[in-house]
Amino acid sequence: MLRQDEWDKWYDSLIRAFGGVAEPSEERELWDSLTEIDRSLGVWDGDTCVGTAGVFSFRLTVPGGASVPAAGVTMVSVAATHRRRGVLTAMMRRQLDDVRAWGWPLAVLTASEPVIYGRFGYGIGTYHVNAEIDTSRVRLSVPPGTDDVRLRYAVPADVVDVCEAVYARKVPGRPGMPARQPGWERLGLLDPESSREGASPLQCVLAERDGEVVGYARFRVKPDWEPTGPKGVVLLRDTEALDPAAEAALWRFLFDIDLTSTVKTNGRPVDEAWQYLVSDIRRCSLRVRDSLHVRLVDVGAALQARTYQAPVDVVFEVEDAFCPWNAGRWRLSGDAKGASCERTTDAADLALSVRELGAAYLGGVSLTALAAAGRVRELRQGALAEASVGFASAVAPWLPHGF
Ligand SMILES: CC(=O)SCCNC(=O)CCNC(=O)[C@H](O)C(C)(C)COP(=O)(O)OP(=O)(O)OC[C@H]1O[C@@H](n2cnc3c(N)ncnc32)[C@H](O)[C@@H]1OP(=O)(O)O
């Protein structure tokens, strides 16, 4: 376990493993304040730190809206001098044992390289979309009520509480969103000058209706000119809105900022509303990327913490070499109201590894698709369709920010 007075050395070791470029002090201080020391691991060779791993104590929305304790695995590194000797494997062993002992059913992470974590039982549970929208050509058609939404600029730090309140109201409605705990609001405000690369400081626009804040967008603008005229870029940091009209008003604003011709987004939901309002989706240059990797640390507790949009009664035969306490047969019975998941000796209906369960858990990756890839085996006819429909989420799961 890490000690507070070791943090600087520990963090320096992490930074070096990521290439050694120092973070702006504002950012370093933020991660210092968010580090949960007693949940962090350091591996030392003498007084040199050669391995780092941390955990944030998240609560994550799962299908059905429950907020489930989840270890947000973070700050993982092994010094290049000590790589490929099993240091990461040893830290993952200790960490997953710890998470189990804390009684948390899930561990989640975003990976520097997707190849790393499958061996430890993580499956890719959410994807996100990056877009580069040609707003000189792409038009938005907005729903009724959009013109009733008033927009106004505000200083981001001055209105962070109202933005957080909007965010908090969105959390239960989308699997994968963490409830933002005190301190995390600073992540959305992070704005070191050295990271702007010619763009403006962070700007914020609030959407209001009848004096109530119903949405916000935080962004930067990077001015640019060519001989024929302006071609500035709007760099979206984040946006949330409480209803379709507020959402459309904010996107219309982002599309229409004078002297700009591109909106760039990073890490947006795959089913976000603006995609269904644009005149030309092809000119939005969508790219999909893996986002949250999900590991069921306690299969029974995790599967019964969520609900199922259609009735499910199936026996899973689960393979889990890294956390053998999960291996074996589990009967999951559930519907949209609740679920139970117990050990059973009954015959299995579906066979899969814990990695596929992690992928399907938040409802964004279909068990049928995994079966088509040979990753899930159907042992009772009909069980695959039943489980696949039950597991799906009407709203695509999404992780709103890195950690
Ligand atoms: C949640 C996060 O924080 S993501 C950030 C992860 N960190 C980084 O990317 C920083 C740079 N990289 C590193 O620090 C290290 O290379 C790590 C942490 C990725 C791997 O640490 P190591 O101690 O070398 O891993 P370890 O020796 O335990 O490897 C276990 C297995 O995973 C494989 N593996 C580990 N990392 C990688 C990788 N990046 N690419 C391919 N295979 C890998 C190893 O080859 C080994 O396979 P084997 O069991 O078949 O021999």
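Residues numbered from 1 in each chain as written. Predicted model: local features only at pLDDT ≥ 70, side-chain atom pairs only at ≥ 80, totals over all residues.

An unreviewed UniProt entry lists the protein chain under the name N-acetyltransferase domain-containing protein, with Streptomyces regalis given as the organism.

**Q** Give me the lowdown on the domain arrangement of the protein chain, citing residues and values where you can.
**A** A common way to express how large an interface is: the accessible area buried when the components associate. With domains assigned, the protein chain is organised as domain 1 (4–123), domain 2 (129–290) and domain 3 (298–391). The C-alpha-based centres of domain 2 and domain 3 are spaced at 36 Å. (Domains from an automatic or database assignment.)

**Q** Describe the environment of S194, naming the residues involved and giving the relevant values.
**A** Relative to the helices and strands, S194 is located in the loop between helix 4 (160–170) and strand 8 (203–209). The exposed category is assigned to S194, around which 11 C-beta atoms lie within 10 Å. Residues S194 and R83, 111 residues apart in the sequence, show an inter-C-alpha distance of 31 Å. (Helix = DSSP H or I, 4+ residues; strand = E, 2+ residues; numbered from the N terminus. Buried ≥ 20, exposed ≤ 12 C-beta atoms within 10 Å, placed from the backbone.)

**Q** Could you give an account of the pairing of strand 1 (residues 41–45), naming the residues involved and the relevant values?
**A** Pairing of strand 1 with strand 2 (residues 48–61) involves five bridges; the strand directions are antiparallel. Of the residues in strand 2, the one forming a bridge with L41 is A53. Here strand 1 folds back onto strand 2, and the loop between the two strands holds two residues, one of which, G46, carries a positive phi near 65°. (Pairing = 2+ DSSP bridges.)

**Q** Lay out the environment of H128 with the relevant residues and their values.
**A** If you trace the backbone, H128 turns up in strand 6 (residues 127–134). Residue classification places H128 among the buried positions, given that 24 C-beta atoms sit within 10 Å. Dropping the residues within four chain positions of it, H128 is found in contact with G267, R268, P269, V270, R289, S291 and W398. (Contact = placed C-beta atoms within 7 Å.)

**Q** So what's going on with the UniProt feature "domain: N-acetyltransferase" (unreviewed entry) in the protein chain? Which residues, and what values?
**A** Following the UniProt record, one finds the feature "domain: N-acetyltransferase" (unreviewed entry) at residues 1–145. Within residues 1–145, the helical portion is 26% and the strand portion 31%, while the C-alpha atoms at the span's ends are 54 Å from each other. (UniProt positions renumbered as here; feature names shortened; annotations may be inferred.)

**Q** Lay out the sheet that holds strand 14 (residues 287–290) in plain terms, naming residues and giving numbers.
**A** Reading across from one edge, 7-8-9-12-13-6-14 is the order of the seven strands in this open sheet, with mixed pairing throughout. In this open sheet, the two strands that pair with only one neighbour each are strand 7 (150–154) and strand 14. Between one strand axis and the next, the sheet turns by 25° as a mean value, whatever way the strands run. When strand 6 meets strand 13 (residues 260–268), the two strands line up antiparallel, connected through five bridges. In the strand pairing of strand 13, I133 is matched with V263. The strands that helix 4 touches are strand 9 (212–222) and strand 12 (232–241); relative to strand 9, the one it contacts most, it runs at about 110°. Relative to strand 9, helix 5 (residues 244–256) is tilted by about 20°, and along the sheet it contacts strand 7, strand 8, strand 9, strand 12 and strand 13. (Axes fitted to C-alpha atoms, helices over the stretch in contact; angles between N-to-C directions.)

**Q** With reference to specific residues and values, describe the UniProt feature "binding site: acetyl-CoA" (unreviewed entry) in the protein chain.
**A** Sequence positions flagged by UniProt for "binding site: acetyl-CoA" (unreviewed entry) are, in local numbering, V76, S77, V78, R84, R85, G86, V87, L88, T89, S112 and E113. Within the element layout of this structure, R85 appears in the loop between strand 3 (67–78) and helix 3 (87–102). On the neighbour-count criterion, R85 (11 C-beta atoms within 10 Å) is exposed. With respect to the helices and strands, T89 occurs in helix 3.

**Q** Go over the site of the ligand, please, and point to the residues and values.
**A** If you check the shell around the ligand, you find 22 residues, and the closest are V76, R83, L88, T89 and S112. If you tally residues by element for the shell around the ligand, the top one is strand 3, at six residues. Among the residues forming the shell around the ligand, the class breakdown is twelve nonpolar, five polar and five charged. (Near = placed C-beta within 6 Å. Nonpolar A, V, L, I, M, F, W, Y, C, P; charged D, E, K, R; others polar.)

**Q** If you had to explain the pairing of strand 18 (residues 339–343) to someone new, which residues and values would you point to?
**A** In the sheet, strand 17 (residues 328–334) pairs with strand 18 via five bridges, with the strands oriented antiparallel. The partner of R331 across the bridge, within strand 18, is E342. Once strand 17 ends, the chain turns through four residues before running back antiparallel as strand 18.

**Q** Give a detailed account of the sheet that holds strand 15 (residues 293–296), specifying residues and quantitative values.
**A** The six strands lie next to each other as 1-2-3-4-15-5, forming an open sheet whose pairing is mixed. Each edge of the open sheet carries a strand with a single partner, namely strand 1 and strand 5 (123–124). Its contacts with the sheet put helix 1 (residues 7–17) on strand 1, strand 2 and strand 3, and the angle it makes with strand 2 is roughly 90°. Sitting on the sheet, helix 7 (residues 354–361) is in contact with strand 5 and strand 15, with an inclination near 120° to strand 15.

**Q** So, unusual backbone geometry: which residues are in play, and what are the values?
**A** If you check the backbone angles, E197 has positive phi at about 50° while not being a glycine. Within the secondary structure, E197 sits in the loop between helix 4 and strand 8. The exposure class of E197 is exposed, given the 8 C-beta atoms found within 10 Å. With a phi angle near 45°, S285 is a residue other than glycine that sits in the positive phi range. Residue classification places S285 among the partly exposed positions, given that 13 C-beta atoms sit within 10 Å.

**Q** I'd like to hear about the nonpolar core, residue by residue, with values.
**A** Nonpolar side chains tend toward joint burial in soluble globular proteins. Core analysis: the biggest nonpolar cluster contains 73 residues, and L106, V108, F316 and L350 have the highest contact counts within it. Top element by residues in this core is strand 2. It accounts for seven residues. Counting contributing residues, this core receives three or more from each of domain 1 (4–123) and domain 3 (298–391). The next biggest cluster of nonpolar side chains, apart from the first, holds 30 residues, and it includes C204, V214, A217 and V263. (Core = buried A, V, L, I, M, F, W, Y, C linked by C-beta atoms within 7 Å.)

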